[in-house]
Amino acid sequence: MSMLRGKTIALSIGNAIDREKLGLPEREVNRVLFTLCTALIREGCQILYAGDLRAGGYTMSMFQFLAGTYAGEGITPFMNVLPEPAVRRLDFETLFAAAKAAHGVAEINLVLSGNLYPVQRIGDELRIGDKRSARPRIRNGEQLTTFLQGFPVSTQGFTDARRIVSELADGRVAMGGKMGIIDLPGDQYGGAMPGIAEEAILTLQLGKAFIPLAAFGGAARDAAIALELLSVDARTPRGSQVPSYEESMQQLRQMQEALPPSLLAPLRRLANNEGAEDLAQDVVEVLREWI
């Protein structure tokens, strides 16, 4: 039996603005992502991801991949946690379609006021909340709006989701991530700091495994540099960034001792690895040693 069976591994995935500078097309990122998902699920892991439900995004891509690969096997290998700011932007049709696509493959959870609420599709309606409690039956956008209005708006919605995921997970693997480059509106992150940096900090503070796959650029590459898994020469050129970005990396620099000395060499190899199959197997090996 695998040492990782029953473990929950969080994935921090986001597009990296410097990915093409590193010579990596998006299809390669998707290949690595799906190869890694396959390797983790074969080990008996559940995959945990905090992200939105937009068409074409990483969450829906993983749903579709997993649905085709594991349908009918009687397992639910994937859990999605939706941060409150993304929940507040949801329309009923998008949430319903996601719950339908996820059936039998993934669990969808909403974060509201710092707490987790699972979503279940039954027929033409949604049920939100713990199955052991009375759950509202939501059939349209008006009912969804009314439901959401019953929760005070959190001022730290992204941090709430990142904290919950870090607490639920046994370890975390990170790729890409927004960098807050001021002249690039599409590179702005939500929350007090970049998501991957905050997730790295929360994970390491809890004494859990954190593996940055730095070859794919973004905040994960800078996190690897901050943790001295890559040299500072590996930093990609970029324009001015919002102040909280460097502040978060400075906080990460103070956490280097959270990495097990015996795993520094394999973590450094992983930080430079971009080959899907080798990378996925190396991630599994590091997680077996760390968790």
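Residues numbered from 1 in each chain as written. Predicted model: local features only at pLDDT ≥ 70, side-chain atom pairs only at ≥ 80, totals over all residues. Heavy atoms only, no water.

1. Topic: the side chain of Asn-109
(1) Moving on: One can find Asn-109 in strand β4 (residues 106-112).
(2) Moving on: If we ignore the near neighbours within four places in the chain, the residues touching Asn-109 are Met-79, Asn-80, Val-81, Leu-82, Leu-116, Tyr-117 and Pro-118. (Helix = DSSP H or I, 4+ residues; strand = E, 2+ residues; numbered from the N terminus. Contact = heavy atoms within 4.5 Å.)

2. Quick look at the packing of helix α6 (residues 157-168) against helix α7 (residues 195-205)
(1) Moving on: Where α6 contacts α7, the axes come no closer than 9 Å and their chain directions differ by 40°. Considering their axes alone, α6 and α7 lie oblique with respect to each other. Here α6 runs over α7; the crossing is right-handed. Only Gly-195, Glu-198, Glu-199, Leu-202 and Thr-203 of α7 make contact with α6, whose side of the interface consists of Thr-159, Arg-162, Arg-163 and Ser-166. (Axes fitted to C-alpha atoms, helices over the stretch in contact; angles between N-to-C directions. Parallel < 35°, antiparallel > 145°, perpendicular 65-115°, else oblique. Left-handed = near helix turned anticlockwise from the far one by under 90°.)

3. What to know about the sheet that holds strand β6 (residues 125-128)
(1) Moving on: In spatial order, the strands read β7-β6-β5-β4-β3-β2-β1-β8-β9; together these nine strands make up an open sheet with mixed pairing. Either end of the sheet is taken by a strand with one partner, and the two such strands are β7 (137-138) and β9 (209-213).
(2) Moving on: Both strand β1 (residues 8-14) and strand β2 (residues 46-50) contribute to a ladder of four bridges, which runs parallel. In the strand pairing of β2, Ile-9 is matched with Ile-47. (Pairing = 2+ DSSP bridges.)

4. Structural notes on the environment of Asp-160
(1) Moving on: Note that Asp-160 resides in helix α6.
(2) Moving on: Separated by 76 residues in sequence, Asp-160 and Glu-84 have C-alpha atoms that sit 8.1 Å apart.
(3) Moving on: Discounting chain neighbours no more than four positions away, the residues touching Asp-160 are Val-111, Gly-114 and Ser-154.

5. Re the pairing of strand β8 (residues 171-176)
(1) Moving on: Counting buried residues in β8 gives six out of six residues, a clear majority hidden from the surface.
(2) Moving on: Bridge count between β1 and β8: six bridges; the pairing is parallel. Within β8, the position partnered with Ile-13 by the bridge is Met-175.
(3) Moving on: Relative to β9, β8 runs parallel, the two sharing five bridges. Looking at the pairing, Gly-171 lines up with Ala-209 of β9. (Buried < 20%, exposed > 50% of the residue type's maximum accessible area, 1.4 Å probe, protein only.)

6. Focus on helix α9 (residues 243-253)
(1) Moving on: Within the span of α9, buried status applies to Ser-244, Tyr-245, Ser-248, Met-249 and Leu-252. For α9, the arc enclosing every buried residue in end-on projection is 140°, short of the 170-degree limit, so these residues lie on one face. Opposite the buried face of α9, at more than 90 degrees from it, the exposed residues are Pro-243 and Glu-247.
(2) Moving on: At its buried positions, α9 is contacted by α7 and α8 (218-226). (Arc of directions from axis to C-beta.)

7. Brief notes about the environment of Phe-151
(1) Moving on: Its location among the elements puts Phe-151 in the loop between α5 (141-148) and α6.
(2) Moving on: Residue Phe-151 is classed as buried on the basis of its relative accessible area, which comes to 15%.
(3) Moving on: In this structure, the C-alpha to C-alpha distance between Phe-151 and Gly-114, residues 37 residues apart in sequence, is 10.0 Å.
(4) Moving on: Ignoring any residue separated from it by four or fewer positions in sequence, one finds Phe-151 in contact with Arg-88, Leu-112, Ser-113 and Tyr-117.

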